[in-house]
Amino acid sequence: MTRLSPRNALRRAAGLLAAAGLLAVVPLAGAAAPARADEPPVFTLGGPAETGLHPYRAGGGPKPSRLGITVTAPSGEEGTGFAGRFTLTFDLSGVAGVADVAFDGAASGTETSDGGASGGGAAPDCEVTGAKAVCVGTGVRPGTHPVAALVVTAAAGGERGDSGTITVTGEAEGAAFTPFTTRVTVGGPDLVMEELPFRTELVPGDRQQAPITFANRGAGDAEGVLLTLRYTRGLDIPQRYSNCRYSEDDPGPSGVGRTTALCTVEGAFEAGEAYTLATPLTIEATERAYRDTFLYRIEEAGPPRPAPAAFERGDGAVLRAVPVTGPQNRAAGRTADPTPHDNQREADFRTENTADFAAYGDRVSGVRGATVTADVGFRNVGPAWIGHLRSGEDVAVVDFTVPRGASVVAKPDRCRAVTAAGEYREDQRSPAPRYLCPTSPAVHDGEGLDLPFALRIEEVLIGAEGEVTVRAPSARNPELPFDPAPANNTARLVLNGGDDGDGPSTPPTSDPGPDASPSGAPTTSAPGGGAAGASGGSDSGTGSGHGGGLASTGSDALTVAGAAAVALTAGLALVAAARRRTGRHS
């Protein structure tokens, strides 16, 4: 059976009509518009609005504070990061006589939007010369990441209340940076988050209170605080406070997916005092929880800042903080080192849950020499999402064995060729008998991997089969510990198997419905049984199938092909008439 796509049908009809002189020269449907030149990316430098310093103690030496500078690059469809070299320049003249500045060797100390601990690449090399510092680095990844870590101490002879600013600018060939200015003050507040005794072994539906408590261990009061809450996909905080802004950061199967709440709490938070929320938060393990984290961070609010576009304000009550009563009221250890790890805590939760990874195959056919597209992969039917948050390792791998009589001419970028035994193969360009396709460190419930392989039919072998298996990354321990149904981890890719209906599985869904096909459209039967458009092999040598289901373009192709046939008949009739007229006048 020959598959005719709408675009091929249009082009064929256009060619026939043009030959008959019936079609003006007009663009075909689906022609790409001229691409615009990409604009250079713009990166935003940032960090804390203000950092407090311990006063210089004569004979005791200075106590350092850490000031983390971040860079934010567009993420998702808006940008892909930057691989070139960049230079950051720090103007330190504003803190002369107020503070001394040095640089840590690692750009760490600030929690990132994706849980990472470094900027776009290796930590920049920084050198301080007088009132100027220059840092040179390479690469900026999408999202928000630390890019430089300053170690700041109060200068000898300084007094409480002394204050100054540090301004950082950036430049790179092919990119632009938005500058950032931060203030350091001697004797400012030092906010420290207390660790909560969470119950970390859970079952779906478990709820527990989170009475977040923090202290000001610095030498100055804090005028308002910013409470940051960040929790992964399996957790939820049902309350939505009106002085909090919320963002659902869910980048799909390649990312973890987190909810972030930024809560601005008004009030004067005095040095030496401890505070807690007037009403504890509620942390819930949802039905999709498995391995999750909850981060809670406190810092001085600073001047009002515009809310990011991705954040929406809550519509509930106002979140408030009140002084801790009783003997805990005084914050002990006021000489503690004011480093950023004091400002935040993070809890890991393990929820007793499962995730069913179901592989799916395909059924394709074609003549010798044809190229067909086989769609294979897997779905996480749930209920849990799976994420390797700490290790960053891939959750699983799709192991695809090519059917006999076919060779791979194109593969997904994430897949690598291996030998038939699954061993390393240096040659990645020529066809291989087997391919391994890893997932990312997170696989969401309801998602998975869709892997199109272009196969050239070298020899027509009726019913040749390949195998599609989703397993753990280690071939020695292939079991998925969270999967309760390992029987559906393997599916088949059938090549030239006929229309017997005993084909491979299709991409599973949580609730596909009785008449749903993989694409969500009803399946149409072709004459003689089987699904219309299930076999491949077109004039261009390409075709595909989805487990016998109707391809999304099949019915359109038949409609357009019919129109092309009508147009061809009319065109040939006109040509024949012209020839008869020519014969009569010759």
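I will try to describe carefully the structure that is included in this document. Computed from a prediction, not measured in an experiment: that's the story for all the values here.

## Concerning the overall build of the chain
Inference 1: Check the secondary structure of the chain and you find two helices and 38 strands.
Inference 2: In the chain, which comprises 586 residues, the proportion classed as buried is 45%.
Inference 3: Within the chain, contacts between residues at least 6 apart in sequence are counted, and of these 80% link residues at least 24 apart.
Inference 4: Carbon and sulfur atoms provide 52% of the accessible area of the chain, an area that totals close to 28,800 Å².

## A short note on the sheet that holds strand E16 (residues 222–232)
Inference 1: With respect to topology, seven strands assemble into an open sheet ordered E13-E25-E22-E16-E19-E18-E23, the strand pairing being mixed. Either end of the sheet is taken by a strand with one partner, and the two such strands are strand E13 (201–202) and strand E23 (312–313).
Inference 2: For strand E22 (residues 291–300) and strand E25 (residues 344–351), the ladder comprises seven bridges, and the chain directions are antiparallel. Looking across to E25, one finds that Thr293 is bridged to Asp348.

## What to know about the packing of aromatic side chains
Inference 1: Inspection of the entire model under this criterion finds 17 aromatic pairs.
Inference 2: Pairing Phe214 with Tyr275 gives two aromatic rings, centres 5.8 Å apart and planes at 25°, and the pair type is stacked. You can see Phe214 sitting in strand E15 (residues 213–216) and its partner Tyr275 sitting in strand E20 (residues 274–277), a full 61 residues away along the chain. With respect to burial, Phe214 and Tyr275 carry one shared label: buried.
Inference 3: Every member of this aromatic cluster is reached through a ring pair, and the members are Phe198, Tyr231, Phe294, Tyr296 and Phe349.
Inference 4: Over the ring of Tyr246 we find Arg240; its NZ or CZ atom is 4.5 Å from the centre of that ring.
Inference 5: The ring centre of Tyr290 lies 4.1 Å from the NZ or CZ of Arg291, which sits over that ring.

## A look at the state of the cysteines
Inference 1: The tally for this structure, following the rule as stated, stands at three disulfides.
Inference 2: Between the sulfur atoms of Cys126 and its disulfide partner Cys135 the distance amounts to 2.1 Å. Disulfide Cys126 to Cys135: torsion about the S-S bond roughly 115°, handedness right-handed.
Inference 3: By relative accessible area, which is 0% here, Cys135 ends up buried.
Inference 4: The disulfide that involves Cys244 links it to Cys263, with 2.0 Å between the sulfurs. Judged by the sign of its S-S torsion, about 110°, the cystine formed by Cys244 and Cys263 is right-handed.

## Focus on the nonpolar core
Inference 1: Within the largest apolar cluster, 39 residues are counted, with the highest numbers of intra-cluster contacts made by Phe357, Tyr435, Leu451, Phe453, Leu455 and Phe482.
Inference 2: Elements that contribute at least two residues to this core include exactly strand E26 (355–360), strand E28 (371–383), strand E30 (397–401), strand E31 (406–410), strand E33 (434–438), strand E35 (448–457), strand E36 (464–471) and strand E37 (490–495).
Inference 3: Ranked by the residues each element gives to this core, the list is headed by E35, at five residues.
Inference 4: If we skip the residues at most four places from it in the chain, Leu455 touches Ala370, Thr371, Val372, Ala374, Val402, Ala406, Ser407, Val408, Val409 and Leu493.
Inference 5: Leu196, Tyr231, Val265 and Leu319 belong to the second largest nonpolar core, which has 35 residues in total.

## Description of the environment of Leu53
Inference 1: Structurally, Leu53 can be placed in strand E2 (residues 50–53).
Inference 2: Using a relative accessible area of 2% as the deciding quantity, one classes Leu53 as buried.
Inference 3: With 109 residues separating them in the primary sequence, Leu53 and Asp162 have C-alpha atoms 9.7 Å apart.
Inference 4: Not counting residues within four places of it along the chain, the set of residues in contact with Leu53 comprises Ser65, Ala99, Val152, Thr153, Ala154, Val184, Thr185, Val186, Gly187 and Gly188.

## Description of the sheet that holds strand E14 (residues 207–210)
Inference 1: In spatial order, the strands read E14-E21-E17; together these three strands make up an open sheet with antiparallel pairing. Each edge of the sheet is formed by a strand with only one pairing partner; in this case those strands are E14 and strand E17 (235–236).
Inference 2: Note: E17 against strand E21 (residues 281–285), two bridges, orientation antiparallel. Bridge pairing in E21 links Asp236 to Glu284.

## With respect to unusual backbone geometry
Inference 1: Each neighbour pair has its own omega, and for Gly382 with Pro383 the value is 5°, a cis peptide bond.
Inference 2: Its location among the elements puts Pro383 in strand E28.
Inference 3: Positive phi outside glycine occurs at Asn496, with the angle close to 55°.
Inference 4: Classification of Asn496 as buried rests on a relative accessible area of 8%.

## Focus: the environment of Lys132
Inference 1: Mapped onto the secondary structure, Lys132 falls in strand E7 (residues 132–140).
Inference 2: Separated by 40 residues in the primary sequence, Lys132 and Leu92 place their C-alpha atoms 5.5 Å from one another.
Inference 3: The contacts of Lys132, once residues within four sequence positions are left out, are Thr89, Phe90, Leu92 and Glu127.

## Section: the environment of Glu352
Inference 1: As for its position among the elements, Glu352 is in the loop between E25 and E26.
Inference 2: Considering only alpha carbons, one finds Glu352 and Leu202, 150 residues apart in sequence, at a separation of 6.2 Å.

## Observations regarding the pairing of strand E19 (residues 258–269)
Inference 1: As paired strands, E16 and E19 are joined by 10 bridges and run antiparallel to one another. Within E19, the position partnered with Leu227 by the bridge is Cys263.
Inference 2: Where strand E18 (residues 244–249) lies against E19, six bridges are found, and the strand directions are antiparallel. In the strand pairing of E19, Asp249 is matched with Arg258.

## Focus on the pattern of salt bridges
Inference 1: Tallied over the full model, the rule gives 15 salt bridges.
Inference 2: A salt bridge links Asp206 to Arg199, with the nearest nitrogen and oxygen atoms 3.3 Å apart.
Inference 3: In this structure, the salt-bridge partner of Arg492 is Glu465, at a minimum N-O distance of 2.5 Å. Here Arg492 is found in strand E37, whereas its partner Glu465 is found in strand E36, with 27 residues between them in sequence.
Inference 4: The exposure class of Arg492 is partly exposed, given its relative accessible area of 27%.
Inference 5: Overall, Glu465 belongs to the partly exposed group, its relative accessible area being 42%.
Inference 6: Linked by salt bridges that have partners in common, Glu346, Asp348 and Arg390 make up one network.

## Details of the side chain of Thr282
Inference 1: With respect to the secondary-structure elements, Thr282 resides in strand E21.
Inference 2: Overall, the relative accessible area of 17% leaves Thr282 in the buried class.
Inference 3: Polar side-chain contacts of Thr282 include one of 3.2 Å to the side chain of Gln239.
Inference 4: Apart from the residues within four sequence positions on either side, Thr282 is in contact with Arg207, Gln208, Asp236, Ile237, Pro238 and Gln239.

The rules behind each value
Residues numbered from 1 in each chain as written. Predicted model: local features only at pLDDT ≥ 70, side-chain atom pairs only at ≥ 80, totals over all residues. Heavy atoms only, no water. Helix = DSSP H or I, 4+ residues; strand = E, 2+ residues; numbered from the N terminus. Buried < 20%, exposed > 50% of the residue type's maximum accessible area, 1.4 Å probe, protein only. Contact = heavy atoms within 4.5 Å. Areas by Shrake-Rupley, 256 points an atom, 1.4 Å probe, with all protein chains shown as cover. Pairing = 2+ DSSP bridges. Phe/Tyr/Trp six-rings, centres within 6.5 Å; stacked < 30°, edge-to-face > 60°. Lys NZ or Arg CZ within 6 Å of the ring centre and 35° of its normal. Disulfide = S-S within 2.5 Å. Core = buried A, V, L, I, M, F, W, Y, C linked by side-chain atoms within 4.5 Å. Salt bridge = Lys/Arg side-chain N within 4 Å of Asp/Glu carboxyl O. Polar contact = N/O pair within 3.5 Å; in protein donor to acceptor, adjacent residues only side chain to side chain.

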